[in-house]
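Survey of secondary and tertiary structure
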Amino acid sequence: MRTCLTVIMVLFFFWQCTERKNINNDFCEVFVPDLVEDDGFTTNGVPDSCDFIKLESNDSILINFIAEIQFADSLIFIEDAGSINGSRLLIFDSKGNFKYKIDESGRENPPLSDISEFYIDEVNDRIGIYNAIEECISEVSYDGKIERVIPLEKIREENVGLRLIERVSLVDQSTLLFLCNSDRDGYDMRAYFIDREDVRVKDTQIENFCNHGVLIASINNFLRAGNNIFLIAHMNDTLYRYRSDLGIFYPELVAKIEKESLSKEKISEINSMIDRGKADFRHFQPFSMGIGTVYYTDSHVLLYTDLNEKQEMYRVLYNYNTGKISKTTLKITDAPKSYRPLTFIGATNEGFVCPIPAYQLLEDRNDAFVQNHVQLQRIIANTTDDDNPIIAIFYPS
């Protein structure tokens, strides 16, 4: 019996080591400037596959500025941050028909007076709206009825690291994920798993330099894409995906912008040193600070780098199922077209999303692509310059 137990323990030890090795080393590493120049969406300037949705327009729902856009339950959720009365959520169906508006109008209590962040609970048809001013999360139905208010004042008092909550996301029905700024200079970002019911910090906490052998460094951002959660590590050009079966984050993509940014070998070396308590990430500066914004579909990741000294940025498209990766070099002087976008602001499960101003589509009406596109011709026939933007979804080729 004792022999069997010993064998089982040894096998378990080797399984852990093997699994850990795979997590530390099984990721894609590229030097962005050397990637093939190919935007992955168009051929000879013409989109390979795309859809356009005309949003309903009237005086009460005209969008000033889209701060965030999400898709769920065959609905489009848009945070309009430019309203004179503060932020609001506008909800449209998949055909662009207006459904609901969520704002503070007609309310005596102020939980919806400010929208700092929002998440969507598709199981319960709720939207979680984080209000930094009132220190709470209001969970409301799609039609705006407040179902529950989650107070955050107590948990912030009990946990110094939660004083400055910058991002909020729903992990599952019982867990929220907070990205918090623990440093006045913004260099010490930490992520916390929060029990949604009891409003307390769970045992699992993502520290600012190491998590179960995977280098996290300082967290720059995180996002929720379908059933995935991703972290963007500050100053080392690395994206991490959360692995729920192991309860850890692991590297998905290292997109180096500068030669001195971390290599795969350096990451493994640092992981090993941290595991032995010999170092933390601050001993390995300077790192490149290239990755800015990231969006994911079920098959692709799209990332933007920060502007370089030439006032250029890279847009990188990575198919994490096939390993294909390419880049597009963008300049701030580039002129967008309604059918050839420069920047995306969100993603569906299959494509990347870009809002097109109504006036821009009308300016492009004589271009060959627009004239030959039946869907766009129908939209143009019912569009004026001051209408709401058209939502374009471009699918990677």
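Each remark here, short or long, concerns the structure printed above.
Residues numbered from 1 in each chain as written. Predicted model: local features only at pLDDT ≥ 70, side-chain atom pairs only at ≥ 80, totals over all residues. Heavy atoms only, no water.

1. A short note on the overall build of the protein
Across its full length, the protein holds six helices and 29 strands. Taken over 397 residues, the protein has a buried fraction of 51%. Of the contacts made within the protein by residues no fewer than 6 positions apart, 51% connect residues no fewer than 24 positions apart. (Helix = DSSP H or I, 4+ residues; strand = E, 2+ residues; numbered from the N terminus. Buried < 20%, exposed > 50% of the residue type's maximum accessible area, 1.4 Å probe, protein only. Contact = heavy atoms within 4.5 Å.)

2. With respect to the nonpolar core
With 24 residues, the main nonpolar core has Phe52, Phe344 and Leu361 as its most contacted residues. When residues of this core are traced back to their parent elements, those giving at least two are strand S4 (50-54), strand S24 (300-305), strand S28 (352-356), helix H4 (358-363), helix H5 (368-371), helix H6 (374-381) and strand S29 (390-394). Sequence-distant contacts of Leu361, that is, excluding residues within four places in its chain, are made with Ser338, Ile356, Val370, Leu376, Ile379, Ile380 and Ile390. Of all hydrophobic cores here, the second largest spans 19 residues; its members include Cys28, Val30, Val294 and Tyr318. (Core = buried A, V, L, I, M, F, W, Y, C linked by side-chain atoms within 4.5 Å.)

3. Topic: the side chain of Asn319
Looking at the secondary structure, you find Asn319 in strand S25 (residues 312-319). Take Asn319: its relative accessible area is 12%, and that puts it in the buried class. Of note is the side chain of Asn319, whose polar atom sits 2.8 Å from the backbone nitrogen of Asn321. (Polar contact = N/O pair within 3.5 Å; in protein donor to acceptor, adjacent residues only side chain to side chain.)

4. Focus: the sheet that holds S28
Taking strand neighbours across the sheet as the criterion, the four strands line up as S4-S29-S28-S27 in an open arrangement whose pairing is antiparallel. For this open sheet the edge positions go to S4 and strand S27 (346-347), each flanked by a neighbour on one side alone. As defined by bridge partners, S28 adjoins S29 across five bridges and the pair is classed as antiparallel. When the sheet's bridge partners are listed, Cys354 is paired in S29 with Ala392. The sheet strands contacting H6 are S4 and S29, and the helix crosses S4 at an angle near 15°. (Pairing = 2+ DSSP bridges. Axes fitted to C-alpha atoms, helices over the stretch in contact; angles between N-to-C directions.)

5. Observations regarding the pattern of salt bridges
Summed over the entire model, instances satisfying the criterion amount to 12 salt bridges. Residue Arg88 is joined to Asp80 by a salt bridge in which the shortest nitrogen-to-oxygen separation is 3.1 Å. The two residues Arg88 and Asp80 agree in class, both being buried. Across the salt bridge formed by Lys337 and Asp367, the nearest N and O atoms sit 3.0 Å from each other. Remark: Asp367 occurs in the loop between H4 and H5 and Lys337 occurs in the loop between strand S26 (325-331) and S27; sequence separation between them is 30 residues. On the basis of relative accessibility, which here comes to 19%, the residue Asp367 falls in the buried class. Salt bridges sharing partners connect three or more residues here, namely Asp121, Arg126, Glu139 and Arg196. (Salt bridge = Lys/Arg side-chain N within 4 Å of Asp/Glu carboxyl O.)

6. Overview of the pairing of S24
S24 sits mainly inside the fold: six of its six residues count as buried. A two-sided burial pattern is seen for S24, the buried positions comprising His300, Leu302 and Tyr304 on one face and Val301, Leu303 and Thr305 on the other. Taken together, strand S23 (residues 291-296) and the strand that follows it, S24, pair antiparallel across an intervening segment of three residues. Judged from the five bridges that link them, S24 and S25 form a sheet pairing that is antiparallel. Note that in S25 the partner of His300 across the bridge is Asn319. Hairpin connection of S24 to S25: six residues between the antiparallel strands, including Gln311 at a positive phi of 60°.

7. Observations regarding the packing of aromatic side chains
Overall, the coordinates contain nine aromatic pairs when judged by the stated rule. On the numbers, 5.1 Å between centres and 40° between planes, the contact of Tyr339 with Phe369 is tilted. Pair noted here: Tyr339 is in the loop between S26 and S27 and Phe369 is in helix H5, with a separation of 30 residues, a long-range link. Judged by its relative accessible area of 16%, Phe369 falls in the buried class. Ring geometry for Phe344 and Phe394: centres 6.1 Å apart, planes at 70°, overall edge-to-face. Here Phe344 is found in the loop between S26 and S27, whereas its partner Phe394 is found in strand S29, with 50 residues between them in sequence. Ring pairs connect the aromatic residues Phe41, Phe52, Phe344, Phe352 and Phe394, which therefore count as one cluster. (Phe/Tyr/Trp six-rings, centres within 6.5 Å; stacked < 30°, edge-to-face > 60°.)

8. Examining a negative patch on the surface
A cluster of acidic residues, Asp59, Glu363, Asp385 and Asp386, forms a negative patch on the protein surface. Along the chain, Asp386 falls in the loop between H6 and S29. (Patch = residues over 30% accessible without salt bridge, like charges linked within 9 Å, V, L, I, M, F, W, Y side chains within 5 Å. Areas by Shrake-Rupley, 256 points an atom, 1.4 Å probe, with all protein chains shown as cover. Lys, Arg positive; Asp, Glu negative; His and termini not counted. Charge placed at Lys NZ, Arg CZ, Asp CG, Glu CD.)

9. Things to note about H6
For H6, the set of buried residues is Leu376, Ile379 and Ile380. Axial view of H6: buried residues confined to an arc of 100°, hence all on one face. Residues of H6 that are exposed and point over 90 degrees away from its buried face: Val374, Arg378 and Ala381. Turning to H6, the residues buried within the fold contact S4, H4, H5 and S29. (Arc of directions from axis to C-beta.)

10. Some points on the side chain of Asp121
Position of Asp121 relative to the elements: it lies in strand S9 (residues 117-121). Here the side chain of Asp121 touches Gln173 through a polar contact of 2.9 Å, side chain to side chain. Beyond its immediate sequence surroundings of up to four residues, Asp121 is in contact with Arg126, Tyr142, Leu170, Gln173 and Arg196.

11. Thoughts on the sheet that holds S9
An order of S9-S10-S11-S12 is seen for the four strands of this open sheet, with the pairing classed as antiparallel. Because the sheet does not close on itself, it has two edges, and the strands there are S9 and strand S12 (146-151). On average, each strand axis in the sheet is inclined to that of its neighbour by 20°, with strand direction left out of account.

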